[in-house]
Amino acid sequence: LVFTEEDKYGLYSNLLFKYFLAEGVLCGHDLFVASAKEHPDNILKELPAPLLDDTYRNGLGEEAAVKSEDFQDSMKIAWRYQNLPKMEASPTTSTKFGHYYDVSKTMSPELFESIKWHSFFLPEELSLQPQMKTCNMNSAYARLLQSIQRIIYQERFDGSDPQKKQKNILRIGIQSLGSMLWGDDICSSDTPEDTHSLTKFLYVLRGLLRKSLSACIITVPAHLIQNKAIMERVTNLSDTVVGLESFIGSERETNPLYKDYHGLVHVHQIPRLNSLICDVSDTKDLAFRLKRKLFTIERLHLPPDLSDTVSRASKQDLAESAKLLSSGCGAMAIGKKHLDF
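Quick caveat, the model's predicted, so the values are computed rather than measured.

Here is what the cut-offs are and how they apply
Residues numbered from 1 in each chain as written. Predicted model: local features only at pLDDT ≥ 70, side-chain atom pairs only at ≥ 80, totals over all residues. Heavy atoms only, no water. Pairing = 2+ DSSP bridges. Helix = DSSP H or I, 4+ residues; strand = E, 2+ residues; numbered from the N terminus. Axes fitted to C-alpha atoms, helices over the stretch in contact; angles between N-to-C directions. Parallel < 35°, antiparallel > 145°, perpendicular 65-115°, else oblique. Contact = heavy atoms within 4.5 Å. Nonpolar A, V, L, I, M, F, W, Y, C, P; charged D, E, K, R; others polar. Core = buried A, V, L, I, M, F, W, Y, C linked by side-chain atoms within 4.5 Å. Buried < 20%, exposed > 50% of the residue type's maximum accessible area, 1.4 Å probe, protein only. Arc of directions from axis to C-beta. Polar contact = N/O pair within 3.5 Å; in protein donor to acceptor, adjacent residues only side chain to side chain.

**Some thoughts on the sheet that holds strand β2 (residues 30-35)**
What the 9 strands build is an open sheet, ordered β5-β2-β6-β7-β1-β8-β9-β10-β11; its pairing is mixed. One side of each edge strand has no neighbouring strand; the edge strands of this open sheet are β5 (117-121) and β11 (295-299). The mean angle between the axes of side-by-side strands here comes to 20°, regardless of whether they run parallel or antiparallel. In terms of strand pairing, strand β1 (residues 2-5) meets strand β7 (residues 214-220) through 4 bridges, oriented parallel. Among the inter-strand pairings, Val2 is bridged to a residue of β7, identified as Ile217.

**Things to note about the packing of helix α6 (residues 139-154) against helix α7 (residues 197-210)**
Close contact between α6 and α7 brings their axes to 10 Å; oriented N to C, the two are set at 5°. Comparing the axis directions of α6 and α7 gives the class roughly parallel. Within the contact between the two elements, α6 uses Tyr141, Leu144, Leu145, Ile148, Gln149 and Ile152 and α7 uses Ser197, Leu198, Phe201, Val204, Leu205 and Leu208. Looking at the contact of α6 with α7, its residues break down into 10 nonpolar, 2 polar and no charged.

**Focus: the pairing of strand β10 (residues 286-290)**
Relative to β10, strand β9 (residues 263-269) runs antiparallel, the two being bridged by 3 bridges. Note on β10: the bridge partner recorded for Leu264 is Ala287.

**Describing the nonpolar core**
Among the nonpolar cores identified, the biggest contains 39 residues, and Leu144, Ile174, Leu177, Trp182, Phe201 and Leu205 are the most heavily contacted of them. Elements supplying a minimum of two residues to this core: β2, α6, β6 (170-174), α7, β7 and α8 (228-236). Element by element, the count of residues in this core is highest for α6, at 7 residues. Residues in contact with Ile174, not counting those within four places in the same chain, are Phe17, Ala34, Leu144, Ile148, Trp182, Phe201, Leu205, Cys216, Ile217, Ile218 and Thr219. Tyr12, Tyr19, Leu31 and Leu44 belong to the second largest nonpolar core, which has 24 residues in total.

**What to know about α8**
Among the residues of α8, those classed as buried are Ile230, Met231, Val234 and Thr235. One side of α8 carries all its buried residues, which in axial view fall inside an arc of 135°. Of the residues in α8, the exposed ones pointing more than 90 degrees away from the buried face are Glu232 and Asn236. Elements in contact with the buried residues of α8: β1, α7, β8 (240-246) and β9. For α8, the capping residue at the N-terminal end is Asn227, with a side-chain oxygen 3.1 Å from the backbone nitrogen of Ala229.

Here you go:
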């Protein structure tokens with residue numbers, strides 16, 4: 001269960017949501033898309049297109065990548081370092097994980113022919129069935145749980161009967177859960193009426209995921225939830241918790257230190273399934289940027305401070321300090337800085 005805190009305007013979290021679904025299409029997984037704002041059919045039509053080859057890994061294109069390699073081969077370095085073995089920046093630099101996508105293009109309909117996908121659009125579900133409420137849970141959450149449970153049992157993801165073909169995985173994507181569109185008031189009130197409605201939904205959903213071949217990603221507008229106790233419970237019920245902080249409309253958007261990035265990635269919780277401790281990453285400062293074709297998450301590297309106003313003592317301050325030292329240590333400090341003595 002991957003819990004994603006949406007950025008302020010929901011631009012980059014929506015893109016990460018589509019990346020999760022696009023990876024399921026290329027891996028041949030079944031999809032279940034639930035939303036109360038945007039129709040699932042439109043979400044699937046806007047999935048990013050896969051890149052054709054690893055030469056596009058940096059968003060250069062095949063011709064540009066070849067030119068880049070030729071340029072690197074033609075570079076000359078000092079003779080004493082020329083025969084030394086090449087060192088990688090990190091042990092996972094050359095490791096390919098998953099697929100790469102071009103955000104400037106959409107996925108072709110032919111890729112959807114080999115997979116099954118199911119949708120849940122709340123306005124349509126409300127018009128088909130009467131009002132229902134069970135176990136202090138609002139009607140939208142109860143309908144969504146019933147729909148997910150039905151798909152898991154019908155498609156044999158629960159493991160009760162062996163699947164007809166090779167074992168497959170169900171990828172579940174739920175968009176903007178907890179918002180007003182789902183009939184929940186946790187984003188509009190400090191003391192909502194159903195404070196346990198969202199946490200009960202996640203508790204039941206987590207049980208369904210544990211007993212089935214399923215993985216789920218949920219985006220929640222956490223910046224609108226004023227009750228911190230609800231956020232702590234939601235975090236404890238999730239396996240992975242990731243937050244996206246966008247620079248749009250903030251002071252960091254014009255800060256030259258962050259000019260190469262569009263936002264920060266906060267990893268609040270890492271899964272610890274079937275273990276006593278979790279794997280702790282050596283990198284906690286992560287940032288993301290949206291290039292022309294790629295959405296990349298990188299280590300946060302701040303540029304060096306090359307400004308003229310460096311933090312060094314000026315000649316005038318040095319002269320005043322020299323006068324004080326010549327007058328003796330017991331003299332009273334009369335310099336401009338409180339540290340002069």
